[in-house]
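Secondary and tertiary structure notes
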Number of protein chains: 2
Amino acid sequence: MAADNNDLFDSSDSVRSGKPLAHVQVASFPGPIHLTTGGLLPELKIAYETYGELSPNKDNAVLIFHALSGDSHVAAHDDKDDPGWWDLLVGPGKSVDTNRYFVICANVLGGCRGTTGPDSVNPQTGKKYGVDFPPINVADIVDVQRRLVESLGIERLLAIIGGSLGGLMALDWGTRYPESVAGIAAIATGARMTTQALAFDVVARNAIMSDPHFCGGEYYDKEVGPSTGLAIARMLGHITYLSQESMNRKFNADRNVGRKIDTSFETKFSVGSYLAYQGDKFVERFDANSYLTLTLALDAFDLGSDRDRLAAALRRSMCRWLFVSFSSDWLFPSFQARELVDAAISSDKRVSYCNIKSDCGHDAFLLENELPVYGGLVRSFLHHLSLDWRPEYAERRRKLHDGSRLPNAPFKHRLDYDRILSLIPPKTKILDLGCGKGELLERLKARGHERLVGVEMEESLVLKCAEKGLDVLQLDMNDGLKSFSDHQFDFVVLSKTLQTIRNVEVVLEEMLRVGTRAIVSFPNLGYRKFREELDAGRAPRTDPRPGKSWYNTSDVRFLTLLDFEEYCRMKGYRIYRKVPMDSLSGAIVDVNENENADMVIVVLGR
Amino acid sequence: MAADNNDLFDSSDSVRSGKPLAHVQVASFPGPIHLTTGGLLPELKIAYETYGELSPNKDNAVLIFHALSGDSHVAAHDDKDDPGWWDLLVGPGKSVDTNRYFVICANVLGGCRGTTGPDSVNPQTGKKYGVDFPPINVADIVDVQRRLVESLGIERLLAIIGGSLGGLMALDWGTRYPESVAGIAAIATGARMTTQALAFDVVARNAIMSDPHFCGGEYYDKEVGPSTGLAIARMLGHITYLSQESMNRKFNADRNVGRKIDTSFETKFSVGSYLAYQGDKFVERFDANSYLTLTLALDAFDLGSDRDRLAAALRRSMCRWLFVSFSSDWLFPSFQARELVDAAISSDKRVSYCNIKSDCGHDAFLLENELPVYGGLVRSFLHHLSLDWRPEYAERRRKLHDGSRLPNAPFKHRLDYDRILSLIPPKTKILDLGCGKGELLERLKARGHERLVGVEMEESLVLKCAEKGLDVLQLDMNDGLKSFSDHQFDFVVLSKTLQTIRNVEVVLEEMLRVGTRAIVSFPNLGYRKFREELDAGRAPRTDPRPGKSWYNTSDVRFLTLLDFEEYCRMKGYRIYRKVPMDSLSGAIVDVNENENADMVIVVLGR
């Protein structure tokens, strides 16, 4: 399952054979089933698998949605079982810990792996549906999953996790059935397909439908089906699941060495024989009508084509959101996840986001390479969802974490945080820019603030925040704070970070747009020690970290308290509070502040 | 021809109808023609067009290579003529000025627009070649073009210009026939196809060859050809020519509104009907066997799969190179152009490079949007090639530009440049990092230095350097100087730029790897005025430009002369010369230099 497998033909998505799976259960529902497209199904069968045990309170159910060509077999049930498509993530002790959670995964409506789809027998005719299978929307696919969940007696899911098509389904569920899920992790997905992705689907469908063996979809009783068209569709799909980099890595070394495989397709180049193999394999286990039905549902899905509509859709949701994208994914590029994040933020939802650095393309969410990050994010997300669910846990945690009041605070003590905390009234809404490991936010959380959001660029720190159960967004604030609405927060904090940012004007302006007040702390270049250093002919060393000097410090802005005050006058910002500090002692400086304070905390407003 | 045409169907590449073109000339060559693949052609016809007039010395010929599906009609010959595929670039007064240059463009071997290809009649059988057309390489395609050029009596071309497939051809020509061309502009191309691009070609060929009407290539006498497969191949191609952004811009507004067009393909979505239209249109004017022949030639082309092999190939060339890539091109991503640049540099070729910021994808080189940049680069490139060609011009220019010796120098006077010039011995090889408009390089050029290379990030400044005829590379030096070999230059200059770079350690280390000496100039924070500013409680203003202050200066590193000297000791760099300056008067400071010099120029070595 690794990205760089030596065996050319053992890719993440090709392990599944066409044979029936053990452990699959089937839920049957009598018809007629009404579809959002106006269509009707005379009956419904859902193939699904479950893992772990449902708790007595039924508060530990996690529903997983598979991608286009997946099935209910998300993980192996035991050592003898066939591998599951997300064994990396799901199982005992794994990120989705089946010792702790009750995991459900069902084949989608319109699929061909056990749930009713075009290749199922229509009880009214005794023949397979074929072209009589009605068109469906993502909403219909989701409604079928919901029927299953209800039939299992589950009123509210702890979480839904879905990648790719599964991500679209998760978005649909969260916005249409808000009460029934506590948290949604939508991975490598978007509010709708990009035009480019849509275009690939169009070409794939054209290849299937123009295959002379397609016969308008009525090929089930024929000797040969549209296997050529379906294989070509799959080849195309495979290209979009990989990245430039991963394809080069996989196929460059023996580029011109085609594999000898039994196929009617071109095998001249290594990548060509790979695609031929993948195409041929796919035909054994997938149905062309399913491919058409599902891609048409995908392509028609549209949660909202602009920010307002998207925000209106997400406003209906009531869950916590986790969005994950991968930097080299071009089927669902990260800007699509950002659109979702922005929409969720602007409707004041709890949301975390990480654009994971990866060169594995769309497939990254199924591969081991980035598992430490996306697996860690999912693990923390589920853990804190289950804590939040149970009031008694939340209470226990509140006591445990209310460190700011205790003599033996579990926090590494930062005096500037003490000061900043003292400037923030209870219950206010806080945005912390450059939040690092989330120390300040954790202390605020312990004090009972409900609306806390962190922004941080570094992946490892984003993970730390997620472990603390904080809402954290991996964004570059130098691009502005477009994700946030005007006056969405009472305070926006920029603590010891001003000196590291390029676009000072943009960031400060944006802070005062999204917050009523801004709290900014920065090292004061006017501090006596810095003056003395320059008097001695050396550049002041404002960065106290060992080994950091003029050539390698992340500090790129140098200013004194006077400079900052002048800046505020020039911009028309009002300084509400000014706390010049001696950061070693924590004392407030009240004489000759521009000379005696090494750090300044300022509360700004308009 | 604009990128954002309101008419969905009037795209850059679809204007050409299938009808025969006026102005096409045909050159015939008797066979047998031996091919590099071992194949033979019994005869050869080349369809070509020419523009402008060949000069008496035959020193103004510019050969243009078309892309995969192009033809000889690069530009309209007059107002009544059909539009040409590169009318934007080629014509009277345009970047490739047909009043000045004699332009030749021929249909490629294996094509289907007049030059011998699979759909030509084989004189030996009286029938079309079909599958009997031998496989060809890019080298064969190039050799045919060369035959044409020789038949026109031209021994040496002023320039070759080619984009995409045409770029590969240009690379092949330049490395196999070095004496016969003075300059090559290779645009939106690479040393070989990426694996991803190769994969798309494989799928396209599979679509054509599995079309039941393909009949193993013998479809010419059939009622129906493999039009479905060819159309699908073209749809795929079209996706790769556009970018995510340009597709969204073009099709998002009316995404779900398919156009009513007469086609057998899907027209549900606006992008779907566009692709159907493009596919159907293409079939009218292109031959499936040509598509197979040409893409196989493209896919097999490989100038060198790693840096050493690529450098070995480019080492054989004798021309000046201009490489242009476009930031959103994913068919020939910019890293491919960088590979070519690196290889050319490491074999000490004269080369310029620009990665033009664009959201138009691969098609950008045929569109108006970025024309000011790529057109400007091509115009300057040709202009200076033709100056270089004629010794009398070169002489005149040398006199004109030898400004450093004249009282009324045409250069805006920078005293630091005077000093730097005085530190550089004649005839030495110079790399100027952050070269800006190329002022220093121009003065060095006037002094007769032959090997001068500039590195600059800003597109507009790269253009300015190109206008001066300088070799300039658009690279970010913070990523290191990987393009350059060890000790490739005598001096590497970093003039008033040190204070703006993030990766100081990387850049200085790299300077002393690729240069024997480094010349570094920087503002000295130890200067009395700066100390006084800090003493007065304000951050020193080292950036003298009006309106620049701590929050918006591009200066991000602050150092004194002492700091720099300590740094050199720490790194084991030897300071060969140190020129502390008063940059207003130009005087050298010899007392209390760390206090009295506002700027320092240092010559470093190991």
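A brief look at the structure comes next. (Residues numbered from 1 in each chain as written. Chains lettered and ligands numbered in written order. Predicted model: local features only at pLDDT ≥ 70, side-chain atom pairs only at ≥ 80, totals over all residues. Heavy atoms only, no water.)

What follows concerns a negative patch on the surface. A contiguous patch of negative charge on the surface is contributed by E532(A), D535(A), E532(B) and D535(B). Residue assignment for the negative patch shows that the elements contributing at least two residues are α16 (528-535) of chain A together with α16 (528-535) of chain B. With respect to the element layout, D535(B) can be found in helix α16. We classify D535(B) as partly exposed; its relative accessible area is 40%. (Patch = residues over 30% accessible without salt bridge, like charges linked within 9 Å, V, L, I, M, F, W, Y side chains within 5 Å. Areas by Shrake-Rupley, 256 points an atom, 1.4 Å probe, with all protein chains shown as cover. Salt bridge = Lys/Arg side-chain N within 4 Å of Asp/Glu carboxyl O. Lys, Arg positive; Asp, Glu negative; His and termini not counted. Charge placed at Lys NZ, Arg CZ, Asp CG, Glu CD. Helix = DSSP H or I, 4+ residues; strand = E, 2+ residues; numbered from the N terminus. Buried < 20%, exposed > 50% of the residue type's maximum accessible area, 1.4 Å probe, protein only.)

What follows deals with the interface of chain A and chain B. Between chain A and chain B, the residue contacts involve 75 residues of the former and 75 residues of the latter. Buried area between chain A and chain B, summed over both chains or domains, comes out near 6700 Å², and the portion from carbon and sulfur atoms is 60%. For the chain A face of the interface with chain B, the top three residues by lost area are R255(A), W550(A) and Y551(A), together amounting to 12%. Residue E266(A) is joined to R205(B) by a salt bridge in which the shortest nitrogen-to-oxygen separation is 2.6 Å. Summed over the shared surface of chain A and chain B, the number is 34 residue pairs in polar contact (both at pLDDT 80 or more). Elements that contribute at least two residues to the side of chain A that touches chain B include exactly α3 (195-209), α4 (227-241), α5 (244-251), α6 (270-285), α7 (288-300), α15 (504-514), α16 and α17 (561-571) of chain A. If you tally residues by element for the side of chain A that touches chain B, the top one is α3(A), at 11 residues. (Contact = heavy atoms within 4.5 Å. Buried area = accessible area lost by both parts, 1.4 Å probe. Polar contact = N/O pair within 3.5 Å; in protein donor to acceptor, adjacent residues only side chain to side chain.)

We now examine the side chain of T553(A). Mapped onto the secondary structure, T553(A) falls in the loop between α16 and α17. On the basis of relative accessibility, which here comes to 7%, the residue T553(A) falls in the buried class. Setting aside anything within four residues of it in sequence, one finds T553(A) in contact with D543(A), K548(A) and R557(B).

A few words now on the relation of the copies chain A and chain B. Superposing chain A onto chain B requires a rotation of 180° together with a translation of 0.0 Å along the rotation axis, leaving an RMSD of 0.1 Å. What the superposition gives is, in effect, a two-fold axis relating one chain to the other. The C-alpha atom lying nearest the rotation axis in chain A is that of V556(A); the distance is 2.2 Å. When you check the interface residues of chain A against chain B, 100% turn up at the interface there too, and the contact is symmetric in its surfaces. (Least-squares fit on C-alpha atoms with pLDDT ≥ 70 in both.)

This next bit is on the pattern of salt bridges. Across all of its chains, the model carries 60 salt bridges over all chains by this definition. Its salt-bridge partner being R176(A), residue D172(A) comes within 2.9 Å of it at the nearest N-O pair. Of this pair, D172(A) and R176(A) both sit in helix α2 (residues 165-176), four residues apart, roughly one helical turn. Residue class for D172(A) comes out buried when judged on its relative accessible area of 7%. For the salt bridge of D143(B) with R176(B), the shortest nitrogen-to-oxygen distance reads 2.9 Å. In this pair, D143(B) is assigned in helix α1 (residues 138-151) and R176(B) in helix α2 (residues 165-176), connecting sequence segments 33 residues apart.

Glancing now at the environment of L296(A). Residues and elements named next belong to chain A. Tracing the backbone through its elements, the reader meets L296 in helix α7. Overall, L296 belongs to the partly exposed group, its relative accessible area being 25%. Sequence separation between L296 and V202 is 94 residues; the distance between their C-alpha atoms is 8.9 Å.

The next point concerns unusual backbone geometry. Note on backbone geometry: most residues besides glycine have negative phi, and most peptide bonds are trans. Note the cis peptide between G31(A) and P32(A), where omega equals -5°. Positionally, P32(A) belongs in strand β1 (residues 25-34). Unusually for a residue other than glycine, H487(A) sits at a positive phi of about 55°. In this structure, H487(A) sits in the loop between β15 (471-473) and β16 (489-495). At S164(B), a position not held by glycine, the phi torsion is positive, near 60°. Tracing the backbone through its elements, the reader meets S164(B) in the loop between β9 (157-163) and α2. Among the residues examined, S164(B) registers a relative accessible area of 8% and is labelled buried.

On to the packing of α3(A) against α4(A), then. Residues and elements named next belong to chain A. Closest axis-to-axis distance for the α3/α4 pair is 7 Å, and the angle between their directions is 160°. Regarding the angle of α3 to α4, the classification is roughly antiparallel. Along this stretch, α3 crosses α4, giving a crossing that reads as right-handed. Between α3, through F200, V203, A204, A207 and I208, and α4, the contact on the second element is made entirely by G229, L230, I232, A233, L236 and T240. Across the contact of α3 with α4, the residue classes break down as nine nonpolar, two polar and no charged. (Axes fitted to C-alpha atoms, helices over the stretch in contact; angles between N-to-C directions. Parallel < 35°, antiparallel > 145°, perpendicular 65-115°, else oblique. Left-handed = near helix turned anticlockwise from the far one by under 90°. Nonpolar A, V, L, I, M, F, W, Y, C, P; charged D, E, K, R; others polar.)

Attention shifts here to helix α12 (residues 415-423) of chain A. Residue and element names in this part refer to chain A. If you check which residues of α12 are buried, you get D416, Y417, I420, L421 and L423. For α12, the angular spread of the buried residues around the axis is 160°, confining them to a single face. Where α12 is buried, its residues touch α13 (439-446), β16, β17 (515-523), β18 (574-582) and β20 (599-605). (Arc of directions from axis to C-beta.)

In this section: the environment of S521(A). All names here are of chain A. With respect to the helices and strands, the residue S521 is situated in strand β17. Owing to a relative accessible area of 0%, S521 belongs among the buried residues under this scheme. Each C-alpha atom of the pair S521 and P425 lies 18 Å from the other, and the pair is 96 residues apart in sequence.

The subject of this paragraph is the packing of aromatic side chains. Taken as a whole, this structure holds 47 aromatic pairs over all chains when the rule is applied. Ring plane angle 75° and centroid distance 4.8 Å describe the contact between F558(A) and F558(B), whose orientation is recorded as edge-to-face. With F558(A) in the loop between α16 and α17 and F558(B) in the loop between α16 and α17 (561-571), this residue pair bridges two chains. Assessed through its relative accessible area of 13%, F558(B) is described here as buried. Put simply, the rings of F522(A), F564(A), Y567(A), Y573(A), W550(B) and Y551(B) pair up and form one aromatic cluster. The side chain of R156(A) reaches across the aromatic face of W389(A), ending 4.7 Å from its centre. The residue whose ring lies beneath R517(A) is Y576(A), and the NZ or CZ to ring-centre distance is 3.7 Å. (Phe/Tyr/Trp six-rings, centres within 6.5 Å; stacked < 30°, edge-to-face > 60°. Lys NZ or Arg CZ within 6 Å of the ring centre and 35° of its normal.)

This part covers the packing of α1(B) against α2(B). All names here are of chain B. For the pair α1 and α2, interaxial distance at closest approach is 9 Å and the crossing angle is 70°. Comparing the axis directions of α1 and α2 gives the class roughly perpendicular. Only L168, M169, D172, W173 and R176 of α2 make contact with α1, whose side of the interface consists of V138, A139, I141, V142, D143, Q145, R146 and V149. When the residues that make up the contact of α1 with α2 are grouped by side-chain class, the tally is eight nonpolar, one polar and four charged.

The subject of this paragraph is the state of the cysteines. The full count for this structure, using the stated rule, is zero disulfides over all chains. We note that C105(A) lacks a disulfide partner, and the nearest cysteine sulfur, in C112(A), lies 14 Å from it. C105(A) sits in the buried class, given a relative accessible area of 0%. Of all cysteine sulfurs, the one in C215(B) lies closest to C215(A), which takes part in no disulfide; the gap is 18 Å. The exposure class of C215(A) is partly exposed, given its relative accessible area of 37%. (Disulfide = S-S within 2.5 Å.)

Position of R557(A) among the secondary structure elements: in the loop between α16 and α17. Looking at R557(A), the relative accessible area reads 4%, which means it is buried. As for R557(A) and T497(A), which are separated by 60 residues in sequence, their C-alpha atoms are 9.8 Å apart. In this structure, R557(A) is in contact with L498(A), Q499(A), I501(A), R502(A), V504(A), W550(B), Y551(B), N552(B), T553(B) and D555(B), ignoring residues within four places of it in sequence. A polar contact is formed between the side chain of R557(A) and the backbone oxygen of W550(B), at a distance of 3.1 Å. A polar side-chain atom of R557(A) sits 2.8 Å from the main-chain carbonyl oxygen of T553(B).

Let us look at the pairing of strand β10 (residues 181-187) of chain A. Residue and element names in this part refer to chain A. Within β10, seven of the seven residues are buried, which leaves the element mostly enclosed by the surrounding structure. Across six bridges, the pairing between strand β9 (residues 157-163) and β10 is parallel. Residue pairing for β10: A159 is matched across the bridge by G183. Considered for its hand, the β-α-β crossover made up of β9, α2 and β10 is right-handed. (Pairing = 2+ DSSP bridges. Right-handed = clockwise from strand over helix to strand, strands pointing away.)

Another aspect to go through is helix α5 (residues 244-251) of chain B. Within α5(B), six of the eight residues are buried, which leaves it mostly tucked inside the rest of the structure. Of all the positions in α5(B), only Q244(B), S246(B), M247(B), N248(B), K250(B) and F251(B) are classed as buried. Summarising the contacts, the buried residues of α5(B) are in contact with α3 and α9 (334-346) of chain A together with α4 (227-241) and α6 (270-285) of chain B.

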